[in-house]
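# Fold and contact review
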Amino acid sequence: MSPFNNNEADTSETVFGKIVRRAIDADVVYRDELVTAFRDIQPRAPVHILVIPNKTISTMDDVSEDDEETLGRMLRVASDIARNEGLGEEGYRLIINCKEHGGQEVYYLHMHIVGGTRLGRMIAQ
Ligand code: AMP
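The rules behind the values
- Residues numbered from 1 in each chain as written.
- Predicted model: local features only at pLDDT ≥ 70, side-chain atom pairs only at ≥ 80, totals over all residues.
- Heavy atoms only, no water.
- Pairing = 2+ DSSP bridges.
- Helix = DSSP H or I, 4+ residues; strand = E, 2+ residues; numbered from the N terminus.
- Axes fitted to C-alpha atoms, helices over the stretch in contact; angles between N-to-C directions.
- Contact = heavy atoms within 4.5 Å.
- Phe/Tyr/Trp six-rings, centres within 6.5 Å; stacked < 30°, edge-to-face > 60°.
- Buried < 20%, exposed > 50% of the residue type's maximum accessible area, 1.4 Å probe, protein only.

### As for the sheet that holds strand β4 (residues 92–95)
- If you trace the 5 strands from one edge of the open sheet to the other, you get β1-β2-β3-β5-β4, paired in antiparallel fashion. Both outer strands of the open sheet, β1 (28–31) and β4, are each paired with one neighbouring strand and no more. The sheet shows a mean angle of 15° between the axes of neighbouring strands, taken without regard to direction.
- Bridge count for β4 against strand β5 (residues 111–115) is 4 bridges, and the pairing is antiparallel. The partner of Tyr92 across the bridge, within β5, is Gly115.
- Its contacts with the sheet put helix α2 (residues 68–84) on β1, β2 (35–39), β3 (47–53), β4 and β5, and the angle it makes with β3 is roughly 160°.

Below, the structure is given as structure tokens:
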């Protein structure tokens with residue numbers, strides 16, 4: 001067995017998995033026992049924050065009944081963060097991309113909170 005064959009060197013782990021277990025830095029705005037939220041490294045709007053489960057879930061297509069509490073927490077935390085970021089009054093958008101057709105780049109479930117400006121149409125024409 002390779003000496004690198006351990007969790008630390010698990011190449012299947014995504015960057016978000018590493019953020020959850022604090023192996024790499026992120027601009028974390030909120031953390032609890034179920035979810036972590038941090039600023040997107042390439043913001044597409046004045047406010048662009050990602051909310052992720054601490055438990056590894058790859059995509060929306062992998063969600064099960066066991067995940068109801070976590071998904072509920074993601075939404076409630078997103079609402080609190082958006083309000084704290086000053087987005088409550090004028091609004092914002094929550095986005096979860098799923099797999100190839102949804103344009104998902106990182107295969108670790110995440111919800112985007114985007115706001116701070118008037119956003120374009122939801123789906124490009
Ligand atoms: P998606 O296309 O829905 O998979 O979005 C992935 C998002 O993750 C993109 O908006 C990236 O800018 C963001 N991202 C990738 N790596 C990092 C990172 N290390 N820290 C924060 N955001 C990241």
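### Focus on the packing of aromatic side chains
- Inspection of the entire model under this criterion finds 2 aromatic pairs.
- A ring pair is formed by Phe16 and Phe38, whose centres lie 5.3 Å apart and whose planes are at 70°; its orientation type is edge-to-face. Here Phe38 lies in strand β2 and Phe16 lies in helix α1 (residues 15–20), a separation of 22 residues in the sequence.
- For Phe16, a relative accessible area of 7% gives the class buried.
- Residue class for Phe38 comes out buried when judged on its relative accessible area of 3%.

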